[in-house]
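Chain and residue survey
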Amino acid sequence: MRLLSLSILVMILAGCGAGTTGSSLKTPNESTVVQMGQPLALPPADAPSYAPKPRPDVPEDCPLVVDFASYGAGVDRTAYRAVSDLLASDPAVLSVDRQPWGREGEVALCVTPRSAADAERLFHRIAAVFPADPRGPLEVRTRSGLAHRASRNP
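Residues numbered from 1 in each chain as written. Predicted model: local features only at pLDDT ≥ 70, side-chain atom pairs only at ≥ 80, totals over all residues. Heavy atoms only, no water.

1. Some thoughts on the confidence of the model for the protein
The condition that has to hold: How sure the predictor is of each residue is captured by pLDDT, a score from 0 to 100. Strands here mean DSSP runs of E at least two residues long; helices mean DSSP runs of H or I at least four residues long; both are numbered from the N terminus. Between two residues, a contact is recorded if the distance between any of their heavy atoms is within 4.5 Å.
Here the protein averages 77 in pLDDT, while 62% of its residues score no lower than 70. Per-element confidence in the protein is highest for helix H3 (residues 116–129), whose mean pLDDT is 96, and lowest for helix H1 (residues 2–16), whose mean pLDDT is 64. Ignoring residues within four places in sequence, the model shows residues 22–36, a span with pLDDT below 50, making 8 contacts including any to other chains.

2. Structural notes on a positive patch on the surface
Keep this limit in mind: Like-charged residues within 9 Å of one another, or nonpolar side chains (Val, Leu, Ile, Met, Phe, Trp, Tyr) within 5 Å, are grouped into patches, provided each residue has over 30% relative accessible area and no salt bridge. Shrake-Rupley sampling with a 1.4 Å probe provides the accessible areas, and residues are treated as covered by the protein chains on show and by no other component. Criterion for a salt bridge: a side-chain nitrogen of Lys or Arg within 4 Å of a carboxyl oxygen of Asp or Glu. Note that His is not counted, nor are the chain ends; the positive residues are Lys and Arg, and the negative ones are Asp and Glu. The location of each charge is read from NZ of Lys, CZ of Arg, CG of Asp or CD of Glu.
A contiguous patch of positive charge, built from Arg77, Arg81, Arg98 and Arg135, is present on the exposed surface. Looking at the element boundaries, Arg77 is found in helix H2 (residues 77–89).

3. Some words on the packing of aromatic side chains
Short version of the rule: Note on aromatic pairs: the rings of Phe, Tyr and Trp (six-membered ring only in Trp) are paired at centre separations within 6.5 Å, and the planes decide the class, stacked below 30 degrees, edge-to-face beyond 60, tilted for the rest.
One pass over the full model with this rule turns up 1 aromatic pair. With centroids separated by 5.1 Å and ring planes inclined at 75 degrees, the aromatic side chains of Phe68 and Tyr80 adopt a geometry described as edge-to-face. Taken as a pair, Phe68 in strand S1 (residues 64–68) and Tyr80 in helix H2 lie far apart in primary sequence, 12 residues in all.

4. Digging into the nonpolar core
For the record, the criterion: Each nonpolar core is a collection of buried residues, namely Ala, Val, Leu, Ile, Met, Phe, Trp, Tyr and Cys, held together in the definition by side-chain atoms within 4.5 Å. With a 1.4 Å probe rolled over the protein chains alone, any residue whose accessible area is under 20% of its type maximum counts as buried; one over 50% counts as exposed, and the rest are partly exposed.
Residues Val66, Phe68, Leu87, Leu109 and Ile126 are the most contacted members of the largest nonpolar core, which totals 21 residues. Elements represented by at least two residues in this core include exactly S1, H2, strand S3 (107–113), H3 and strand S4 (138–142). Ignoring any residue separated from it by four or fewer positions in sequence, one finds Ile126 in contact with Leu64, Val66, Val83, Leu86, Leu87 and Val140. Val58, Cys62, Ala108 and Cys110 belong to the second-largest nonpolar core, a separate cluster that totals 5 residues.

5. Comments concerning the environment of Glu60
Here Glu60 lies in the loop between H1 and S1. As a C-alpha pair, Glu60 and Arg143 span 83 residues in sequence and 7.4 Å in three-dimensional space.

Next up, the structure:
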């Protein structure tokens, strides 16, 4: 019985790669862990970056900016859909430049309306759509200085 248990243990350990150099769990294309004191090799310059993008610098001449940020669980999609529908249905909106910048759907919208009066009217309509307790911080602002922010933090 002991011999059988010992032989089963040896087979299990051999299957796990115990007692061998390297790791049998590592795939052939997987890079090796850097040992202490060795220089860290940087990825090639053309390698894709999976880090979040920095918050975009919306052009200063943008007439109306709508920001959707996150507390760590994604943006308020209901508010985003409501604002998107409002902008899509308003005939005064000439264009909407969507600038995504985070891993959780964070986005800044630069809205170009026909006139400054339309920007102010849209500002008030968008601010009215924002919920009192949004899932993530929301902000709408105009080039003329109007600003409204909705967030959980007072």
